[in-house]
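Observations on chain architecture
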Amino acid sequence: MKVLIIEDNEDLTLNMVNYLEQENIRCETAKNLFEAQDKLLAFQYDCILLDLMLPDGNGLDILSFVKSNQITANVLIVSAKNALDDRLRGLDLGADDYLPKPFHLSELLARLRAIYRRSKLDGSDQIIFNEINLDTKLLEAKVNQSVLDLTKKEYDLLLFFLTNKNRVIGKEAIAQHLWGDYTDDLANFDFVYQHVKNLRKKIEKADGKDYINTVYGIGYKFDGNAT
Amino acid sequence: MRLLNLLTAWYILITMVGLLIGGFLIYKKLEKEIDFELGRELDRQIDAYAQRVKAGVPPDRLNYDKLEIKEIPFNLPIEELSLRDTVAYHDPMNRHEKQLKASKSFKTEDKHYRISYYNLVIESEDITETVVITMVSIFLIQLVILGFFIRIGSKRILRPFHRTLSKIRGFNFQQNKPLEFDQYAISEFNKLNSFLSRMSLKLLKDYRQMKEFSENLSHEIQTPSAIIRGKLEHMMNEDISENQAAMIQSIYQSNEKINKIVRSLSMLAKLENEEFEAPETINLSPVLLKVIESMEELIEMKDLNLKTQIKEEAFVKIHPFVAEVLLQNLINNAIKHNQPGGKIQIELNDYSIRIENTGKLPDFDPEIFFERFKRAENRSDSIGLGLAIVKQICKTYGFRPTYRIENNLHVISILFK
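Residues numbered from 1 in each chain as written. Chains lettered and ligands numbered in written order. Predicted model: local features only at pLDDT ≥ 70, side-chain atom pairs only at ≥ 80, totals over all residues.

Some points on the overall build of chain B
A count of helical and extended segments in chain B gives nine helices and 11 strands. The buried share among the 417 residues of chain B stands at 21%. Taking contacts inside chain B between residues at least 6 apart in sequence as the whole, the part at least 24 apart equals 66%. (Helix = DSSP H or I, 4+ residues; strand = E, 2+ residues; numbered from the N terminus. Buried ≥ 20, exposed ≤ 12 C-beta atoms within 10 Å, placed from the backbone. Contact = placed C-beta atoms within 7 Å.)

Description of the packing of helix H1 (residues 10-21) of chain A against helix H5 (residues 187-236) of chain B
Any two packed helices are characterised by the angle at which their axes cross and by the distance between the axes. Here H1 of chain A crosses H5 of chain B at 30 degrees, and the two axes come no closer than 9 Å. What the angle tells us is that H1 of chain A and H5 of chain B run roughly parallel. In the packing of H1 of chain A onto H5 of chain B, the handedness of the crossing is left-handed. On H5 of chain B, the residues that touch Asp11, Leu12, Asn15 and Asn18 of chain A of H1 of chain A are Thr223, Ala226, Ile227, Gly230, Lys231 and His234 of chain B. When its residues are assigned to classes, the contact of H1 of chain A with H5 of chain B shows three nonpolar, five polar and two charged. (Axes fitted to C-alpha atoms, helices over the stretch in contact; angles between N-to-C directions. Parallel < 35°, antiparallel > 145°, perpendicular 65-115°, else oblique. Left-handed = near helix turned anticlockwise from the far one by under 90°. Nonpolar A, V, L, I, M, F, W, Y, C, P; charged D, E, K, R; others polar.)

Let's talk about the confidence of the model for chain B
Predicted coordinates in regions of low pLDDT should not be interpreted in detail. Here chain B averages 84 in pLDDT, while 97% of its residues score no lower than 70. Scored as a whole, the predicted complex attains pTM 0.63, and scored at its interfaces, ipTM 0.79. (pLDDT = per-residue confidence, 0-100.)

So, the interface of chain B and chain A
Tallying the contact residues gives 37 residues for chain B and 33 residues for chain A. Secondary structure elements with two or more residues in the side of chain B that touches chain A: H5, helix H6 (242-272), helix H7 (284-301) and helix H8 (320-336) of chain B. The dominant element in the side of chain B that touches chain A, judged by the number of residues it contributes, is H5 of chain B, at 13 residues. Here the residues of the side of chain B that touches chain A sort into 11 nonpolar, 15 polar and 11 charged.

Points about the UniProt feature "transmembrane region" (unreviewed entry) in chain B
Residue and element names in this part refer to chain B. In the numbering adopted here, UniProt assigns the feature "transmembrane region" (unreviewed entry) to residues 7-27 and 130-150. Annotation note: span residues 7-27, helix share 100%, strand share 0%, distance between end C-alpha atoms 30 Å. Along residues 130-150 one finds 100% helix and 0% strand; the C-alpha atoms at either end are 30 Å apart. (UniProt positions renumbered as here; feature names shortened; annotations may be inferred.)

A few points about the nonpolar core
Residues Val3, Leu4, Ile6, Ile48, Leu49 and Leu50 of chain A are the most contacted members of the largest nonpolar core, which totals 98 residues. Ranked by residues supplied to this core, first place goes to H8 of chain B with nine residues. In terms of nonpolar packing, the next biggest core, distinct from the first, is built from nine residues, Leu42, Tyr49, Leu100 and Ile115 of chain B among them. (Core = buried A, V, L, I, M, F, W, Y, C linked by C-beta atoms within 7 Å.)

Observations concerning the packing of helix H4 (residues 159-169) of chain B against H5 of chain B
Residue and element names in this part refer to chain B. In contact at an axis separation of 10 Å, H4 and H5 are set at 10 degrees when each is read in the N-to-C sense. One finds that H4 runs roughly parallel with respect to H5. Of the residues in H5, those touching H4 at Pro160, Phe161, Thr164 and Ile168 are Phe189, Leu192, Asn193 and Leu196. Of the residues contributing to the contact of H4 with H5, the split by class is six nonpolar, two polar and no charged.

Focus on the sheet that holds strand E9 (residues 132-135) of chain A
Residue and element names in this part refer to chain A. Spatially, four strands are ordered E8-E9-E10-E11 in an open sheet, and the strand pairing comes out antiparallel. The open sheet has two edge strands with one neighbour each: strand E8 (126-129) and strand E11 (146-147). Relative to strand E10 (residues 140-143), E9 runs antiparallel, the two being bridged by four bridges. Bridged to isoleucine 132 within E10 is valine 143. In the packing of helix H6 (residues 152-163) onto the sheet, the strands contacted are E8, E9 and E10, and the crossing angle to E9 comes to about 115 degrees. (Pairing = 2+ DSSP bridges.)

Some details on the confidence of the model for chain A
Considering every residue of chain A, the mean pLDDT works out to 86; 92% of them sit at 70 or more. Here helix H4 (residues 84-92) of chain A stands out as the element of chain A with the lowest mean pLDDT, 72, in contrast to strand E1 (residues 2-6) of chain A, whose mean of 94 is the highest.

Re unusual backbone geometry
Residue and element names in this part refer to chain A. Even without glycine at this site, asparagine 130 takes up a positive phi of about 45 degrees. You will see that leucine 139, though not glycine, has its phi angle at about 55 degrees, which is positive. For leucine 139, the position within the fold is in the loop between E9 and E10. Given 12 C-beta atoms within 10 Å, leucine 139 falls into the exposed group.

Written as structure tokens, this is what we have:
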């Protein structure tokens, strides 16, 4: 996958590039509208990460630019301007998703993958990792060919782990991924623990390996090298 | 009280005082004038009688109840006219009346006479009566004129003032238009209007700046905060010790807290700026059910017993996004501050929503929880803005929120109408 990150803050860009490149996503960056338009005309991208507040204009202009130049890239708006109408206007103008800043990098990756699956793979994708097999069309998870009886949240959690495997994912990131805006309760992440525990149990029951490690008090890691 | 009524009341009061003083002065003047005229008249009469006596008419024949001619020793000096009030018998009225007595002496060739002439005085009661009647009629005429004045006044004279008032009433920030007034002939109104015009311009400018500031603030803080979060997430993946992990976690959570405060404050600012207009009513029931569903896990985790009594259709005039924020904050509050194994009761109908919870009882007025950054104890998981947002939402849409302790329960109820 190849993405164009349109963002004027270098630190933020660096964060994103570092994270995504480890997942074999090729990243190119543009600091402003002008540079972005230049690159969009010259190269092909699968996805555009778009900040709305740019030094030379509003990022929403890119949306119409993409449309009028028949560029096939998907657009994920990443913006700190948490205004409700920005979100609605962006989606109206053809953006595929909207991720308010500040976001978790793991969440960014999950959204990118989801957009990619939806548009390029028509929603169907098999995510295979050792004995685990996820079918994103059927929303089904198998371990050693037997279907796991997962709740919607447990399925989402497993997909989130597989998307971000071999990385420490913070409890907050998991909470926000599963419950979205409702995770205002900052200290109470017991329910994350509960879901992780249940998921582990169900995988183990189907004779799967225990890939999910607890990392001190911070979060969890889906360790692909677990023995 | 209307301005015109106040003006009228003052005008009537001042007129009354004026008429009272005027009446008193007129009474005094009238009394003096009457006495003076009467004295002159008596003097003339006495002179006429003296002429007749000098002409040879015997004084005895002239005497009657008003006239008394008396001979006095010739060697006495001639008495000038003297006026005296006396009480004398008045024959036609058959009683004693206050009379004015004028006396004067004159000499014929060999005799000296004193003539006293009595006349009825106009009584002070009569003068008072006349004066009062006059003054009261003047006053009544004044009232009638005043009535006309008020009608004309309210319609004509104060018309520019009323126009200004209705323009101010129509002013709001959404239209983003300063107040503009026509020119009037009266300089005071023009001064007032130009001042109001300038003030409205300034208000709009300040409002725009405030709005931009709160938007920029949230953007400017969120960007560095996002960088911190990203770097911390990278750090988590480094080879770290448990100690470092604890520090990362602590930084991470503080950063999240900053984030949440900024988001909440910007929400409050948006509500204060009335950015969420509610042109139509929405049904709160499905919104409430959705919010409850999303929090079910939290409720289970705390082992809370939830009871609901939700009317299927509860239409309320509110912006759909704000409705969700409102309900989320209310229920989150009831969960967060509840004790494990406690109860939550939610009632919703067209008129109100009522949420009870079995939280720890405070030893102060619970209404204080509606204020910003006020919470029961210094909890790390609460920033103390949830109920402030609830209150601001209520203020924006004209709802009436109350927070009471009833039967050892925390009860928040919001009246929609």
